[in-house]
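# Structural characterization, general
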Amino acid sequence: MLKIANHNYKLFIVLQLLTASVIKTSAQDTTFVVISGIVLDEKQAPLIGGHITSNSGRSSVTDKEGHFTFDTPEQLPVVITISMIGYKKKEITITSKNDVPLTIKMQPQSEVLQQVDVEASGTRSTHNQRLNVEQTNLLPSAAGGGIEGLVQSQMGVSTNNELSSQYRVRGGNFDENLVYVNGQEVYRPFLMHSGQQEGLSFVNPDLVEEVEFSAGGFSSSYGDKMSSVLDIQYKRPQATAGSFSAGILGATAHLEGASRNQKLTWITGVRYKTNRYLLGSLDEKGDYNPNFTDVQTYLTYQLSPRISLELLGYYSLNKYEFIPQDRETTFGTLYEVKQLKIYFEGQEKDRFETGYAAYTTNFKINTTNEIKLTLSGFRTFEEEAYDIDGAYWLQETDDPTGDSDSFTQIGVGEYLQHARNDLLGEIVSASIKGLHQHPKSKTSWSLEYRREFFKDRVNEWEMIDSSDYSIPYNGANLELAYSKNAHHELTNHRINAFIKNEMSWFVGKGRLLADAGVRSTYYSFNDEWLISPRLLLSYLPQNKNSRYRLSGGYYYQPPFFKELRRTDGTLNKDIKSQQSIQIVAGYDLYFDAAQRPFKFTTEVYYKWLKDLIPYQVDNVRIVYSGENEAKGYAAGIDFKINGELVPGEESWATLSLLKTEEDLYNDQWSDPDRSGEPGYIPRPSDQRLNFSMYLQDHLPGNPNFKAHLSFLFGTGLPFGPPRSERYMAINRMPPYRRVDLGLSYDLLKWHALTKKEAKHLKNLWLGIEIFNLPNIDNTVSYYWVTDIFDRQYAVPNYLTSRRINIRLTGKF
């Protein structure tokens, strides 16, 4: 029968769990000590509105003279945290009553959240959004959380697959997102076709120092893609430290340190992940054996006051093995209930092995000039092999009310899927970057050469037998439903360069900041030169409570390996880069509510798209047409509000409205009697509404017990029959709805752990994560059943159901 949930019951359960996170602990008779002090900036001026919280749960806000005071139970030592927008968070441990009153000096952040930093050396303007790295260890996520899990909850970003760390941004697809680590672009495997295969992403959150994200309209210093930039900087440790985490879904560990003279720093991380527990909740039952492992290290050495060296190394091995047994999926409507049963034979074995290394030499020529030389190499070897035979029965219930188990057979058949795909990819690059600091501006430039080598073999096909007839049926020949055979060996060359200037002026009662630059790219495969001018403007009124932003320019996306291939496997040597002209306008407002800091952000955007390469999406596999045969657009508006609903705990909510469509140049109706053309149709990423929310809370008086709630809602994506005309993909999937809940407690505060046992630990969190709390059946794609009369039935492929994960995380 249909999996129809009792929504009232689920709402009751959610409310009970949320209510439990705010139950007040009973008061006890105890002695209190008064904590007081003053908070100053780097110029000794008092700071107003700073938040001071203690590990006892007591808190205060600085007044107009920078003073604060509150009482706390007399259980020394007491750790207080001082936070304020635009300044680095600071922690102070009070071991004696003689430590108060306190005088606390705050250091400004190098970048104020999303906007501007004014330093003695010049002014830096950025439209990037800075993300809080600490949230990555708290965010409950079936995909393993991490930086990408944090990005997926930002405005303009959407996802509909908890098994994947990939995301779409403002109408783009997965391949349109740039990812940089330490200033170098990094890559992900190419052959993956489902979230089940997807292992660990490149970025290890334990190694991360800073994260910036742009959902569009980014600077010319970033490369040539049309949607977004994720810019990550790894840590340069100053002391020995580390962390570990272990749970049902895997384990991580990292160590970091520095030499006594601080010339040598190092940080290394190891991760292991398995989705076997999650995959066991899918309709397709069998023996799942996914194992994903990686190791990374980042070294820096200060050779002299003017010369420093960096080395980043990475290796990953992802294996996915699956022996399917059977599948039973019930779908349809309340009054038309259908059931698909499949019994399998065969297996799938996939292997993705990736390595990456980057070596950088930094030259500080003088106080105003810097040069950076980088050599990097990326290698991936990927194998995908499966032979799966499935015998299926499609039935329709005779009694939708559920009083009878009688079914009518409406389809029976068998299919055989085969693939032997492998790919070897190697990318090496050499780049030089320069920076010149003017008295009131800054000029930066870069020149990069990149060599790309790909060698692949594609051999995949599918045969469908429905009621003893091969589909497609023509009455004479035996035909395959689908086949692709190809073998390619390519060597391509790219040259990338940019130059930009960042400057500022006082205009009216505020300050105008500009980031103006131009980017140029050459691609040898199609002998194409590209010029991309870009401009970013920010205006800061004198009151500093609001700011305005405007950005735009030309954004090209030269074809990479996948875009070059047509659907039959041949290469299009005349293919051109996809083009996007973008304009983005934004507004930020900083305000206080209930004596707590908040920030409201909104952005409106329009993208004019040209020379598009249409594509279709199956799970996480993107299949391109291999032709520049469409134009289109994407337009929308995003909203975000974030702040401390609970003192010391950041929460946020985002709302995104989007419309993106494309018009194929030469498409025609399949019905010869129908005149005209299909015109504009929704792009596969046309998710009209997306809402996300992340809430943090802790028990009053006991911040060592925390609750984290992640909520995602996105309207349905377009879909259509496989390998059909593009204009037929106008049906809509059901909305994607997901609620994940995390509860955690710091065991170091538990009375059973003595100081001696825990002297090397900073914290030790025991967490319980409940994935898909309402147990909703989300659809990621469809399996299509075809009968002899060429009727097609779309059977939903559901994602994971409710699962509980236990995780132990510690830092030392």
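As a starting point, this report considers the structure included with it. (Residues numbered from 1 in each chain as written. Predicted model: local features only at pLDDT ≥ 70, side-chain atom pairs only at ≥ 80, totals over all residues. Heavy atoms only, no water.)

### Some points on the sheet that holds strand 15 (residues 208-214)
Strand order in this open sheet of five strands is 10-15-16-13-14, and the pairing throughout is mixed. Either end of the sheet is taken by a strand with one partner, and the two such strands are strand 10 (129-131) and strand 14 (184-185). Direction of pairing for strand 10 relative to strand 15: antiparallel, over a ladder of three bridges. Each bridged residue has a counterpart across the sheet, and for Q129 the counterpart in strand 15 is F213. (Pairing = 2+ DSSP bridges. Helix = DSSP H or I, 4+ residues; strand = E, 2+ residues; numbered from the N terminus.)

### Re a nonpolar patch on the surface
There is a patch of nonpolar side chains on the surface, built from L255, L264, W266, L299, Y301, L303, L311, Y359, L375 and F812 and spanning about 840 Å² of accessible area. Elements that contribute at least two residues to the nonpolar patch include exactly strand 19 (264-273) and strand 20 (284-304). Broken down by element, the residue count for the nonpolar patch peaks at three residues, all from strand 20. Structurally, L299 is set in strand 20. With relative accessibility at 32%, the residue L299 sits in the partly exposed group. (Patch = residues over 30% accessible without salt bridge, like charges linked within 9 Å, V, L, I, M, F, W, Y side chains within 5 Å. Areas by Shrake-Rupley, 256 points an atom, 1.4 Å probe, with all protein chains shown as cover. Salt bridge = Lys/Arg side-chain N within 4 Å of Asp/Glu carboxyl O. Buried < 20%, exposed > 50% of the residue type's maximum accessible area, 1.4 Å probe, protein only.)

### Things to note about empty space enclosed by the protein
Applying the stated criterion across every chain, the model contains 11 cavities of 30 Å³ or more. Taken as a whole, the largest cavity encloses approximately 810 Å³ of empty space. Secondary structure elements with two or more residues in the lining of the largest cavity: strand 13 (177-181), strand 21 (307-332), strand 27 (482-507), strand 28 (510-523) and helix 4 (561-564). Per-class residue counts for the lining of the largest cavity are 17 nonpolar, 12 polar and 12 charged. (1 Å grid on protein atoms, 1.4 Å probe; cavity = no way out; pocket = protein on both sides within 12 Å on 5 of 7 lines; lining within 4 Å. Points joined across faces, edges and corners; volume = space filled by probe spheres on them. Nonpolar A, V, L, I, M, F, W, Y, C, P; charged D, E, K, R; others polar.)

### Remarks on the pattern of salt bridges
In this structure the tally under the stated criterion is 39 salt bridges. Ionic pairing is found between R351 and E353, a salt bridge with its closest N-O pair at 3.6 Å. Overall, R351 belongs to the partly exposed group, its relative accessible area being 27%. Here E426 makes a salt bridge to R379, at a shortest N to O gap of 3.6 Å. Of this pair, E426 sits in strand 24 (residues 407-437) while R379 sits in strand 23 (residues 369-397), and the two are 47 residues apart along the sequence. Within this structure, R170, R549, D588, E603 and D638 form a network of salt bridges that share partners.

Limitation: the analysis is restricted to geometry and does not speak to function.
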